[in-house]
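# Inside the fold
So you can see what is in the structure, the chains are spelled out below.
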2 protein chains.
Amino acid sequence: MSQGGTLMLPEHNDSLLELCRPVRRILARVGDKWSVMIVMALKGGPRRFNDIKRAIGTISQRMLTLTLKSMERDGSVKRTVYPTKPPRVDYELTALGHSLREPVERLSLWAIEHEAAITKAQSRFDALDPQG
Amino acid sequence: MSQGGTLMLPEHNDSLLELCRPVRRILARVGDKWSVMIVMALKGGPRRFNDIKRAIGTISQRMLTLTLKSMERDGSVKRTVYPTKPPRVDYELTALGHSLREPVERLSLWAIEHEAAITKAQSRFDALDPQG
DNA sequence: CTGCATCCAGCGCGATACTG
DNA sequence: CAGTATCGCGCTGGATGCAG
């Protein structure tokens, strides 16, 4: 679905807020500190653990492991172990993971487009409301 | 921008990950526990503080205040005080706030569409990996 | 190379009580 | 009705060390 034009969410009644729970669950995943970076890093195809780690640069090993595992649990990342020596583990987006890319990139574009406006609004706000 | 078809984010090189920082900042906002629910609640027009609170139902007064304030700071919510007695305060989405609705709803639709698949993937994963 | 366990600091957020 | 202040718990996430 989500064909061409209009979006089909209901108006602001309370049943809408019921819908928000799964949405929130997902957004919490996507909005956590690293998921989006990982989606981006895996955009071009399979990558190895330390390759991803280097690409992101500032992520700790712990958080990379944890985030990858929860994304694997969600079914958006596939983990493949090659029993070589030393071991090699590849991660890649599943179909579900790739389908997530589009809305995520849309939100990313929004963020990039409006970053300046937001920063400016914040400065203005902080000027009027010194440490409020 | 974000005209019709394809998205224009760069491929998975490292400069992309630079872009991720502002994106992450925004997603952290959007992905926090309440922002989306508030965007949804304000979708139809201005609402009063306790009206929003009732609509969401489970939000604490503290978090509603804090989230509204940070959204106001971001420039996505406008706060209007009517000096009546008792006081009345309306909150509404600004143009920026409304522009956020579209990508947020897109992600919401994704979440709704794929919730079942995700839940199923999680069950399957948990079955294979008992409390791992 | 990959990835788990442990320890620990910080803050997100809810509960509660109080003000104009 | 709208908003602030305080307290406390639990989770997030970084650092470090160990193991296959």
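So, a few notes on the structure that sits alongside this text. Predicted model only: the values in this text are computed from it and were never measured. Per chain, residues are indexed from 1 in the order of the written sequence. Lettering for chains starts from A, numbering for ligands starts from 1, and both go in the order in which the items are written. Residue-level local features of this predicted model are given only where pLDDT is at least 70; pairs of side-chain atoms are given and counted only at 80 or more, and the full residue set underlies all totals for whole chains, interfaces and linings. Excluded from the side-chain calculations are hydrogens and water; all other atoms, namely the structure's heavy atoms, are used.

### Section: the pattern of salt bridges
Salt bridge, as used here, is a side-chain nitrogen of Lys or Arg placed within 4 Å of a carboxyl oxygen of Asp or Glu. Considering all chains together, one arrives at 18 salt bridges over all chains under this definition. Residue Arg101(A) pairs with Glu105(A) through a salt bridge whose shortest N-O separation is 3.6 Å. Within this pair, Arg101(A) and its partner Glu105(A) are both found in helix 5 (residues 95-128), separated by four residues, close to a single helical turn. Remark: exposure states derive from per-residue accessible area (1.4 Å probe, protein chains only) relative to the maximum for the residue type, with buried under 20%, exposed over 50%, and partly exposed in between. On the accessibility criterion, Glu105(A) (3% relative accessible area) is buried. Of the charged contacts, one joins Arg106(B) and Glu102(B) as a salt bridge, the two residues approaching to 2.9 Å between their closest N and O atoms. Taken as a pair, Arg106(B) and Glu102(B) lie in helix 5 (residues 95-128) at a separation of four residues, close to a single helical turn. A residue is classified by how much of its surface remains accessible, and Arg106(B), at 14% relative accessible area, is buried. Strands here mean DSSP runs of E at least two residues long; helices mean DSSP runs of H or I at least four residues long; both are numbered from the N terminus.

### Some details on the sheet that holds strand 1 (residues 47-48) of chain A
Residue and element names in this part refer to chain A. Sheet architecture is open: three strands sit in the order 1-3-2, paired in antiparallel fashion. The open sheet has two free edges, formed respectively by strand 1 and strand 2 (77-82), since each of these has just one partner strand. Taken together, the six bridges between strand 2 and strand 3 (residues 88-93) define a ladder with antiparallel strand orientation. Bridging across to strand 3, Tyr82 finds its partner in Arg88. A pair of strands is treated as paired once DSSP finds two or more bridges between them.

### Thoughts on helix 5 of chain A
Owing to its 3.6 residues per turn, the α-helix aligns residues three or four sequence positions apart on the same side. Residues and elements named next belong to chain A. A rise of 1.5 Å per residue sets the reference length of helix 5, with its 34 residues, at 50 Å; its end C-alpha atoms lie 48 Å apart and thus fit the reference within 8%. Along helix 5, the helix axis deviates most sharply at His114, where the bend reaches about 55°. Polar contact is defined as a pair of N or O atoms within 3.5 Å, subject to the rule that within protein one atom must be able to donate a hydrogen and the other to accept it, and that residues adjacent in sequence are counted only when both atoms are side-chain atoms. Looking at where helix 5 begins, the residue whose side-chain oxygen comes 3.3 Å from the main-chain nitrogen of Leu96 is Thr94. Helix span, as expected, comes to 1.5 Å for every residue beyond the first. Each residue is assigned a bend, namely the angle between axes fitted to the seven residues that terminate at it and the seven residues that start at it.

### Focus: unusual backbone geometry
Glycine aside, a negative phi is what most residues show, and trans is what most peptide bonds show. Of note, the amide linkage connecting Lys85(A) to Pro86(A) takes the cis form, showing an omega dihedral of 5°. Residue position: Pro86(A) is located in the loop between strand 2 and strand 3.

### Considering the protein's contact with DNA strand D
We call a residue near a given molecule or strand whenever any one of its heavy atoms falls within 4 Å of it. Arg62(A), Asn50(B), Gln61(B), Arg79(B) and Tyr91(B) are the nearest of the 19 residues found near DNA strand D. Sugar and phosphate atoms represent 58% of those atoms of DNA strand D found within 4 Å of the protein. Here a phosphate oxygen of DNA strand D and a side-chain polar atom of Arg79(B) are 2.3 Å apart. Taken together, the elements giving at least two residues each to the surface near DNA strand D come down to helix 4 (61-74) of chain A together with helix 3 (49-56), helix 4 (61-74) and strand 3 (88-93) of chain B. If you tally residues by element for the surface near DNA strand D, the top one is helix 4 of chain B, at four residues. Charged residues are taken to be Asp, Glu, Lys and Arg, nonpolar residues to be Ala, Val, Leu, Ile, Met, Phe, Trp, Tyr, Cys and Pro, and polar residues to be all remaining types, Gly included. When its residues are assigned to classes, the surface near DNA strand D shows eight nonpolar, five polar and six charged.

### With respect to the sheet that holds strand 2 (residues 77-82) of chain B
Spatial strand order, 1-3-2 (chain B): three strands in an open sheet with antiparallel pairing. The sheet terminates laterally at strand 1 (47-48) and strand 2 of chain B, the two strands that pair on one side only.

### Structural notes on the packing of aromatic side chains
To describe a pair of aromatic rings, one takes the distance between the centres and the angle between the planes. Residues and elements named next belong to chain A. Aromatic rings from Phe, Tyr and Trp, with only the six-membered ring used for Trp, were paired whenever their centres fell within 6.5 Å, and each pair was classed as stacked if the ring planes differed by under 30 degrees, edge-to-face if by over 60, and tilted otherwise. Per the counting criterion, the structure on display carries two aromatic pairs over all chains. Each ring, one from Phe49 and one from Tyr91, has its centre 6.5 Å from the other, and the planes form 50°; the classification is tilted. Remark: Tyr91 occurs in strand 3 and Phe49 occurs in helix 3 (residues 49-56); sequence separation between them is 42 residues. By the burial criterion, Phe49 is buried, and Tyr91 matches it.

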